[in-house]
Amino acid sequence: MGAEQQCDDMEVAFSDSEAFRSVQHVLQSVRMDPFLIDLRDKEQYDILLCAVDSTTRRNSDDQAMLATTLRALSEAVSKIDIMYHHALLHNIFTMSIWYYNRDTRDALLDLIIRLSAVADQYLRECLQMLVNNFTPPGPLVSQMEKLVSDDKRKEIYSQLHESLKMISDTVPLAPRVLKDIINRSMPKLFDNKVKMVSFVECMLGLDTERLGDLIGTSLLEKVVDLLTELDVNITWEDILQEEHSKGIFEMELEDLAGDVDKFGQETEVLFGGNVCAEKLDGLMVVVCEHLKSCAEHGCLKREFDILKTIFRKGVLKVHKSKFAQFIMFYACSLDPEICGLDFALFLTDIFTKKEDDAIARMSAVSYVGSYLSRARFISADTVVAILKRLVDWCIDHCERQKKKHTRTKNPVEHQIFYASCQAVMYVLCFRLRSIMDYPNLKSQVFKMNIRSILMDPLEPLKVCLPSIVNEFLRQAKAARLFNASVDLELEDRIDSDLSKAFGGVNRLDMFFPFDPYLLKESDRYIRPNFEFWSLVKTTYSDDEGDELGDFDAPGMNVDSLDDNFDVELNSDDDDIEYTMNKMSITPHRSFYHPMAMSGDSGLSMPARIRPSVSPPS
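Just so it is clear, the structure is predicted and the values come from calculations on it, not from any experiment.

Student: Would you mind showing me how to read the overall build of the protein chain here?
Tutor: The number of helices and strands found in the protein chain is 28 helices and 0 strands. Each of the 617 residues in the protein chain was classed as buried or not, and the buried ones make up 55%. Summarising the internal contacts of the protein chain: among those between residues at least 6 apart in sequence, 79% fall at separations of at least 24.

This is the structure we're talking about:
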């Protein structure tokens, strides 16, 4: 019952035929009460069990014998009975294709496909066996890179995908059962990184053609849930614990005159060493590669639409998420004109419409502010268009308040308004200089009447984060867009009591979801399209560091200051201590570092930028 690998075609065909007859006889001979089975038939059945023993490791000749046996079983599949051949089925369903060569894998998968179609008896077991093979067996996990080549891994994934597709085409119930099995088999938080990454990579490969249409949304949702779970289990204390000794968290101190490409290679400033972060890093690579493949095959928009729904449901209000949301950022960067614009409008719609709760709307406007500031691929005209919607909403809010008989300045009551004001200022800190380069866009910004909302009796300049307010006022004054100053006690504090109040328990006043990305391996997907503050040109500094005083602002009255704001903004060129030194911050005062100063280069970024974060609840 077998074939020698070196036999010619006729001999192999004869041996396979002989093996089929032998296997069929053995299967039939034991389909009865154990006490009635002939001992010789029982011995032959035991030999068959040994031939497909899942625990046996085989050389090339042994694998040729196994392949022949598996092909014979495929031909005799109608003779397999779960009542009498339980041990045989157990051996088959516990086999790992990772140990076998291509020919043996093909024979095993063909048997699984045929078994799955036997009156649905073995459908769940067959699908579970294939899903189990999404990851290498335990002994291979620790040596995955050494023992399993990249080509073999991709070949195995391709074979699994093809097998699952064939089963789905043959058995209508298969996709529904497969979805349930994948849900139950998803990696858990404390699983091995190799197992986790391998499973997700293979699983996402199913998100194509018919299978993708049937279970694609479920697959992506499970992946995003896993990313988010890993993300929230990484605390900023984990990231910052080595700050004083190793400088891991140095983010944006590069010389502005330096080579941008070399800056892009400064991987030692990124975060590493945390188990959850390493798993998340590996998974982010897999998801980004999946999105890249979707873009190359013309199906990115479909995937993006699914991701938007998942994002709104499972990520938008997870304020402890630091990296998982960057899958949206990367997807947008692959198609700025469609997906990039769509995401900005999607977030703005959530903010401006009243269907969602206040936390969702505040989160959405924080997202859109951070997104427009950090996404290099978003055009200036898109930025201006979104800003106009935010400003118009704020103006309407102020008008509604004026009509009320009693008007309160309670930050909590107007938290959505303050969040929008802060987002507008934050975006302009990053994009105002570039907008000024386009006369038509500059004119639109000056017509937005930003001054009316910032000088409103609700006093957003006193409520929003001082670091953002100060930087915005300095740039707005240099651009002749807006001239005011505000009396902020202790300007070097990272926040104020008023900003804490409007931010609420989740500290959404400090929520900048697209802060600099800190994961080492997946950083290469984000960095080329990410705007670092150290590379931003401000309105008050030209390339030589001199202040720009004439932007030809139409109708600008630099002396029109509200009586409520009576302390002059310090415009000394050398006094830049406050400028953006806490644009991205954490509530932990012990991690504050003073701004790096340079008398000849204008604005410098603080040596260590603080990530946005909400404190543990």
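Still to come is the rest of the account.
Student: Sorry, what's going on with the packing of helix α21 (residues 380–402) against helix α23 (residues 439–447) here?
Tutor: Describing two packed helices takes the angle between their axes plus the distance from one axis to the other. Orientation of α21 relative to α23, taken along the N-to-C sense of each, is 15 degrees, at an axis distance of 10 Å. Classed by the angle they form, the pair α21 and α23 counts as roughly parallel. Taken as a pair, α21 and α23 cross one another with a handedness that is left-handed. For the pair α21 and α23, contact is made by Ala-380, Asp-381 and Val-384 and by Leu-441, Gln-444 and Val-445, respectively. Of the residues contributing to the contact of α21 with α23, the split by class is 4 nonpolar, 1 polar and 1 charged.

Student: Honestly, the nonpolar core in this entry has me stumped. Any pointers?
Tutor: Inside soluble globular proteins, nonpolar side chains tend to come together where they are buried. Residues Leu-73 and Tyr-371 are the most contacted members of the largest nonpolar core, which totals 180 residues. If you tally residues by element for this core, the top one is helix α22 (residues 415–436), at 16 residues. Non-local contacts of Tyr-371, meaning those with residues more than four positions away in its chain, are made with Phe-329, Cys-332, Gly-340, Phe-343, Ala-344, Phe-377, Ile-378 and Phe-514.

Student: When you look at the environment of Arg-102 in this model, what are you seeing that I'm missing?
Tutor: Structurally, the position occupied by Arg-102 is in helix α5 (residues 102–116). The partly exposed category is assigned to Arg-102, whose relative accessible area is 41%. C-alpha of Arg-102 to C-alpha of Ala-67: the two residues are 35 residues apart in sequence and 9.9 Å apart in space. In contact with Arg-102, not counting residues within four places along its chain, are Glu-155 and Gln-159.

Student: Quick question: what am I supposed to make of the pattern of salt bridges here?
Tutor: Close approach of charged atoms lets side chains of opposite charge pair. Taken as a whole and judged by the stated rule, the model has 28 salt bridges. Linking Glu-221 and Lys-313 is a salt bridge whose minimum nitrogen-to-oxygen distance equals 2.9 Å. With Glu-221 in helix α12 (residues 209–232) and Lys-313 in helix α17 (residues 300–314), this pair connects stretches of sequence that are 92 residues apart. On the basis of relative accessible area, Lys-313 is assigned to the exposed category, the value being 66%. The partner of Lys-301 in a salt bridge is Asp-305, and the shortest N-O contact between them spans 2.7 Å. With Lys-301 and Asp-305 both in helix α17 and 4 residues apart, this pair spans about one turn of that helix. Overlapping salt bridges bring together Arg-102, Arg-105, Asp-106 and Glu-155 as one network.

Student: Would you mind showing me how to read the packing of aromatic side chains here?
Tutor: Both the distance between ring centres and the angle between the ring planes are used here to describe each pair of aromatic rings. With the rule as written, the count across this model stands at 27 aromatic pairs. Lying across the ring of Tyr-99, Arg-57 places its NZ or CZ 3.8 Å from the centre.

Student: Please explain the side chain of Ser-321 as it appears in this structure.
Tutor: In this structure, Ser-321 sits in the loop between α17 and α18 (326–334). Not counting chain neighbours up to four residues away, the residues in contact with Ser-321 comprise Asp-231 and Val-232.

Student: Please clarify how the environment of Leu-428 should be interpreted in this entry.
Tutor: For Leu-428, the location among the structural elements is in helix α22. Residue contacts for Leu-428: discarding those within four places in its chain leaves Leu-387, Ile-435, Ile-450, Phe-472, Gln-475 and Leu-481.

Student: Explanation requested: a nonpolar patch on the surface in the structure shown.
Tutor: Taken together, the side chains of Ile-82, Met-83 and Tyr-84 define a hydrophobic patch exposed on the protein surface, amounting to about 310 Å² of accessible area. Tracing the sequence through the fold places Ile-82 in the loop between α3 (60–75) and α4 (86–93).

Student: Would you mind showing me how to read the side chain of Arg-58 here?
Tutor: Tracing the backbone through its elements, the reader meets Arg-58 in the loop between α2 (39–51) and α3. Summary of buried charges: Arg-58 has no salt-bridge partner, and the nearest side chain of opposite charge, Asp-53, is 6.2 Å away. A distance of 3.1 Å separates a polar atom in the side chain of Arg-58 from the backbone oxygen of Asp-53. In this structure the side chain of Arg-58 is engaged in a polar contact, spanning 3.1 Å, whose partner is the backbone oxygen of Thr-56. Setting aside its immediate chain neighbours within four residues, Arg-58 contacts Cys-50, Ala-51, Val-52, Asp-53, Gln-63, Leu-66 and Tyr-100.

Student: Where do I start with helix α6 (residues 123–132) in this structure?
Tutor: Since one α-helical turn is 3.6 residues long, residues separated by three or four positions face the same way. Burial in α6 covers these residues: Leu-123, Cys-126, Leu-127, Met-129, Leu-130 and Val-131. Looking at the buried positions of α6, the neighbouring elements they touch are α4, α5, α9 (150–170), α10 (174–185) and α11 (193–204).

Student: Got a minute to help me understand the packing of α5 against α6 in this structure?
Tutor: The interhelical angle for the contact between α5 and α6, taken along N-to-C directions, is 150 degrees, at an axis separation of 8 Å. Between α5 and α6, the crossing angle belongs to the class labelled roughly antiparallel. Handedness of the α5/α6 crossing: left-handed. Counting all contacts with α5, which are made through Leu-108, Leu-109, Ile-112, Leu-115 and Ser-116, the residues of α6 involved are Leu-123, Cys-126, Met-129 and Leu-130. Residues belonging to the contact of α5 with α6 are distributed by class as follows: 8 nonpolar, 1 polar and no charged.

Student: Please explain the confidence of the model for the protein chain as it appears in this structure.
Tutor: A low pLDDT score tells you not to read the predicted coordinates there in detail. Predicted confidence across the protein chain gives a mean pLDDT of 78, with 72% of residues reaching 70 or more. Per-element averaging of pLDDT across the protein chain places helix α14 (residues 243–246) at the bottom with 34 and α18 at the top with 98. A low-confidence stretch, residues 488–494 stays under pLDDT 50, and its non-local contacts, those more than four residues away or across chains, total 14 contacts.

Student: Is there a simple way to think about α10 in this case?
Tutor: Look at α10: 16 Å from first C-alpha to last across 12 residues, which is about the 16 Å you get at 1.5 Å a residue. Restricting attention to buried positions, one finds in α10 the residues Ala-174, Pro-175, Val-177, Leu-178, Ile-181 and Ile-182. Viewed along the axis of α10, the buried residues span an arc of 160 degrees, placing them on a single side of the element. Exposed residues pointing more than 90 degrees away from the buried face of α10 are listed as Arg-176 and Arg-184.

Student: Help me understand unusual backbone geometry, please; the structure alone is not making it clear to me.
Tutor: The residue Glu-459 is not glycine, and still its phi comes out positive at about 55 degrees. Position of Glu-459 among the secondary structure elements: in the loop between α24 (450–454) and α25 (460–463). Since its relative accessible area comes to 13%, Glu-459 is described here as buried.

Student: What exactly am I supposed to notice about the state of the cysteines here?
Tutor: The bond known as a disulfide is covalent and runs between the sulfur atoms of two cysteines. If you walk through the whole model with that rule in mind, you get 0 disulfides. Of the cysteine sulfurs around Cys-394, a residue in no disulfide, the closest is that of Cys-421, at 4.1 Å. A relative accessible area of 0% means that Cys-394 is categorised as buried. Exposure remark for Cys-421: the relative accessible area of 0% places this residue in the buried category.

Student: How should I be thinking about the environment of Ala-331 in this particular structure?
Tutor: Looking at the secondary structure, you find Ala-331 in helix α18. Those residues within four positions of Ala-331 in sequence are excluded, and the remaining contacts are Leu-291, Leu-300, Phe-304 and Cys-339.

The rules behind each value
Residues numbered from 1 in each chain as written. Predicted model: local features only at pLDDT ≥ 70, side-chain atom pairs only at ≥ 80, totals over all residues. Heavy atoms only, no water. Helix = DSSP H or I, 4+ residues; strand = E, 2+ residues; numbered from the N terminus. Buried < 20%, exposed > 50% of the residue type's maximum accessible area, 1.4 Å probe, protein only. Contact = heavy atoms within 4.5 Å. Axes fitted to C-alpha atoms, helices over the stretch in contact; angles between N-to-C directions. Parallel < 35°, antiparallel > 145°, perpendicular 65-115°, else oblique. Left-handed = near helix turned anticlockwise from the far one by under 90°. Nonpolar A, V, L, I, M, F, W, Y, C, P; charged D, E, K, R; others polar. Core = buried A, V, L, I, M, F, W, Y, C linked by side-chain atoms within 4.5 Å. Salt bridge = Lys/Arg side-chain N within 4 Å of Asp/Glu carboxyl O. Phe/Tyr/Trp six-rings, centres within 6.5 Å; stacked < 30°, edge-to-face > 60°. Lys NZ or Arg CZ within 6 Å of the ring centre and 35° of its normal. Patch = residues over 30% accessible without salt bridge, like charges linked within 9 Å, V, L, I, M, F, W, Y side chains within 5 Å. Areas by Shrake-Rupley, 256 points an atom, 1.4 Å probe, with all protein chains shown as cover. Lys, Arg positive; Asp, Glu negative; His and termini not counted. Polar contact = N/O pair within 3.5 Å; in protein donor to acceptor, adjacent residues only side chain to side chain. pLDDT = per-residue confidence, 0-100. Expected span 1.5 Å × (residues − 1). Arc of directions from axis to C-beta. Disulfide = S-S within 2.5 Å.

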